[in-house]
Amino acid sequence: MTTRLTVAQALVRFLAAQYTERDGERRRLIGATWGIFGHGNVAGLGQALVEYADVMPYHQGRNEQSMVHAAVGYARQSNRLSTHAVTTSIGPGATNLVTGAALATVNHLPVLLLPGDVFATRPADPVLQQLEVPYAGDVSVNDALRPVSRYFDRVTRPEALIPAALQAVRVLTDPVETGAVTLALPQDVQAEAYDWPDDFFAERTWTVRRPGADPAELAEAVRALRAARRPLVVAGGGVHHSRAEEALAAFAGATGIPVASTQAGKGSLRHDHPQDVGAIGHTGTATADELARTADLMIGVGTRWTDFTTASGTLFAHPDVRFVNLNIASFDGHKLSGTPLVADARSGLEALTEALLGHGHRVADSYVAEYTEDKARWEQRVDACYAAEEPDARPTQPQVLGALDALVDESDVLINAAGSLPGDLHKLWRARSRDQYHLEYGYSCMGYEIPAAIGVKLAAPERNVWALVGDGTYLMMPTEIVTAVQEGVAIKVLLLQNHGYASIGGLSEETGGERYGTAYRYRAADGTFSGEPLPVDLAANAASLGMRVLRARTVRDLRAALAEARAADTPTCVYVETETADTVSGAPPAQAWWDVPVAETATRPSAVKARELYERHVSTRRRHL
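Numbers given to residues run from 1 along each chain, matching the order in which its sequence is written. Selection of residues for local features in this predicted model requires a pLDDT of at least 70, selection of side-chain atom pairs for listing and counting requires 80 or more, and totals for whole chains, interfaces and linings are taken over all residues. The basis for every side-chain value is the complete set of heavy atoms in the structure, and neither hydrogens nor water enter the calculation.

S.K.: Describe unusual backbone geometry, listing the residues and the values that go with them.
M.R.: Pro-126 follows Asp-125 through a cis peptide bond whose omega is 10°. Only runs of H or I of at least four residues qualify as helices and only runs of E of at least two qualify as strands under DSSP, and these elements are numbered from the N terminus. Relative to the helices and strands, Pro-126 is located in the loop between β7 (111-117) and β8 (151-154). In this structure, Asp-23 takes a positive phi of about 55° despite not being glycine. Note that Asp-23 resides in the loop between β2 (18-22) and β3 (25-28). At Ser-312, a position not held by glycine, the phi torsion is positive, near 55°. In this structure, Ser-312 sits in the loop between α12 (307-310) and β16 (322-327).

Now the structure itself:
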C-alpha cells in the first residue's frame, strides 16, 4: 500500500512517528518544529506543517540561530531523548544555522536541521539567494553545514528521502554520534509528489543503548583505582547525558573518592554531597584544583578534557599521575594517554562500584578529612562573596548570584553560556539538583541563553527557568523574547548591565591588550572607547519587546525583584546594573591557568610584562604520554 504525498508532507509524517526509548522511558523524538519561512521552504515544509498541524507542533522563531539554541535547550532538558526540528529558507536563513549547529555538535546534543536549498532541477540558475560556485554546480551555501553536522544529506529525489530520513534519526538517537543532523531540501523537491510505502510512516522506536564495559578494560581500570592513593573523579556532561548521577553518588560514597566537575558536569553531585569538591580547572575552586595538582590518578567520567578543565595542560602536576577515562566515545576514552573504559557512564560506574566493593576498597580517612576541611574553607569564601553588608548599595555580580542562591530551590534551572558569569557560576553556584545548572560552555556561544531558556521551559513547563544574561550577550540576540511573549512561555531573564565585555576585558588586560575595544563607552579624543558609558537602556528594550521588566538598583531592590519574578506566570525580566566592565567582579581569582598566547614581541610595557608571565606558565605545561 502507498500514499501519495509531497516530500515535505512525507517528512513531517515520518518525523511525527519516531520515538526513543531508554530504561523503559518512551519519548517522541521530534517534539515540535521551529521555522522561519521564505521562498525556499514556505510552499514545501510550510505547507506540510499546516497540513499536519495536528501531529507536528510549530513554533515561530525570529532568528535562525536562536531557533537552534531553543531546540538544543529542549534536547538537553529532555536528556537527549527528544529534540526539535528547525526549518529555514535558502541563503541567509540556512547559513544562520551554522553557529547553532556547531554548538549542538560540540555539546553532543541532537537537533534536526531542515534548510531549504536551491532547485535540484535547475530550471533557472541562479535563483534568488543562490551562491554560485564556478567549479562545482552541485554546491550550495548549505554545504557550510557539513563540517558542523554529524550527518548531512541533500535530498535531490523524492525516493532518496527514505534512506536519508532513517539515517538522520539513527544519528540523532546514537549516544556517541549525536549532534546536529542536516537534511538539505531543494525547494522544488519539497513540493514534488511521490507514492510512499505506508510502512515508511509506521511508528518506530529507537532504543538508546547503554553499552557496558569490556571486561579487560574494566579489570585494568580497577587495578589503577586500587593502586591509587590520591584519586580524583572529574565528572563531565556525559554523567548527565546518561543519567548517571545516582551511580556516581553511590561510587563516591562507597569509595570516598572526591568528585570535581566540569562546566557541563556540575550538578552531577549535589553541592552538599560529602564527596563533591566543586568545579575544576581555570574556573575551578581552590579545593578541586589543589586536589588535581596532587592527584596520582584522575578518573574522567564523561568528559572531553578541554583546556579549561586541564588548565591548558598545567593542572595535573603529580609526577606519576595517570588517567582512567570512562566515556561512551572511544575518541575521548583514549585522551591524555589514559586507560580507556569505553562504556555508558552509568553502566561503567555501576561496574566499577561493584568491583571495588568486592575488594573492600576505600581511600584513606586522612584523605577524606583533607578535602572535607578544604571544601569547608572554600564555602566560607563563597559566603563572603555572596554577602551584602550594605543592602542599599549597587550589587556586585557575585552578590547578584547570592541573592538568587538565597531564593531558588532544586526545581529552578539556571542557563548561561558566555561572558564573566560562567566563571563566577562555576566557582560559586551551589547546584541543588542534577539539571539546575545549565551552562553551555562547550561552544560558549553568546546569545544562547534566552532561546535555550524557552526550549528548557517547553520541555519542563513546571520549572522556574532563569536565563542569566550580560549586556554583551543580550545585545547579540534578544529577539526570542518576542517568541516567549507570543507563546506565553514564562521564562525569567536576569539581565546584568556592566557596560561592556567584562570577561574578555579582564583577559585583555592580563594578556597585554589593555582592555582595548571591550568597553561600551563613547569614543574618546585619543581614539579609544574610554568616554562616558553609552546611554543604552536595555531594560526599556526588553520592555519594548513585550516583556515585563523589574528594575533593581540596590541589593534590597534586587531581592524583591527576583522574588516577584520567580512568582510571575508571564515572561519577566529583572534588570540590574552591576560593576562596570573595567573593574573586577568580586569573585575569587582564577585558581588555575588558561593558555591565551601573548605577543612574543611588543613595545608596550603591559604586553612585555604579560609575555614574561606567560612564559613562566608555559614552562609548567606537560604532555601526558
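S.K.: An account of the sheet that holds strand β11 (residues 204-207) is requested, with residue identities and associated values reported.
M.R.: Backbone-to-backbone hydrogen bonds pair the strands of a sheet. The strands run either parallel or antiparallel. Read across the sheet, three strands follow the order β3-β2-β11 without closing on themselves; strand pairing throughout is mixed. The sheet is open, and its two borders are formed by β3 and β11, each paired with just one other strand. Pairs of neighbouring strands in the sheet enclose a mean axial angle of 30°, with direction left out of account. Note that β2 and β11 share four bridges and pair parallel. Bridge pairing in β11 places Thr-20 opposite Trp-206. What makes two residues a contact is simply this: any of their non-hydrogen atoms within 4.5 Å. Orientation is described by lines fitted to C-alpha atoms, with helices fitted over the stretch in contact, and by angles between N-to-C directions that extend from 0 to 180 degrees. Packed on one face of the sheet, helix α1 (residues 7-16) meets β2, β3 and β11 and runs near 25° to β2. A pair of strands is treated as paired once DSSP finds two or more bridges between them.

S.K.: How would you sum up the sheet that holds strand β13 (residues 259-261)? Please name residues and give values.
M.R.: Reading across the sheet, the six strands line up as β14-β13-β12-β15-β16-β17 and stay open at both edges, with parallel pairing between neighbours. Strands at the two margins of the open sheet, each flanked by one partner only, are β14 (276-279) and β17 (339-342). Sheet twist, expressed as the mean angle between neighbouring strand axes with direction ignored, is 20°. Sheet strands in contact with helix α11 (residues 286-294) are β12 (231-235), β13, β14 and β15 (297-301), and its direction is about 100° off that of β14.

S.K.: So what's going on with the environment of Leu-421? Residues and values would help.
M.R.: Structurally, the position occupied by Leu-421 is in helix α17 (residues 421-428). In sequence terms Leu-421 and Leu-558 are 137 residues apart; their C-alpha atoms lie 17 Å from each other. Apart from residues lying up to four places away in sequence, Leu-421 is in contact with Gln-397, Leu-401, Asn-416, Leu-468, Val-469, Gly-470 and Leu-496.

S.K.: Explain the nonpolar core to me, using residue names and the numbers behind them.
M.R.: Residues Leu-232, Ile-280, Met-298 and Phe-316 are the most contacted members of the largest nonpolar core, which totals 48 residues. Beyond its immediate stretch of four places on either side in the chain, Met-298 contacts Leu-232, Val-234, Ile-280, Ala-292, Trp-305, Phe-316, Val-321, Arg-322, Phe-323 and Val-324. We call a set of buried Ala, Val, Leu, Ile, Met, Phe, Trp, Tyr and Cys residues a nonpolar core when their side-chain atoms join them within 4.5 Å. Residue exposure (1.4 Å probe, protein chains only): buried if accessible area is under 20% of the type maximum, exposed if over 50%, otherwise partly exposed. Listed in part, the 46 residues of the second largest apolar core include Ala-104, Leu-109, Cys-445 and Val-469.

S.K.: Can you lay out the pairing of strand β21 (residues 492-497) for me, pointing to particular residues and giving the numbers?
M.R.: Taken residue by residue, a regular strand's side chains alternate between the two faces of the sheet. Taken across its six residues, β21 has six buried, putting it largely inside the fold. Neither face of β21 is exposed, since Lys-492, Leu-494 and Leu-496 on one face and Val-493, Leu-495 and Gln-497 on the opposite face are all buried. Across five bridges, the pairing between strand β20 (residues 465-470) and β21 is parallel. Its bridge partner being in β21, Leu-468 is matched across the sheet by Leu-494.

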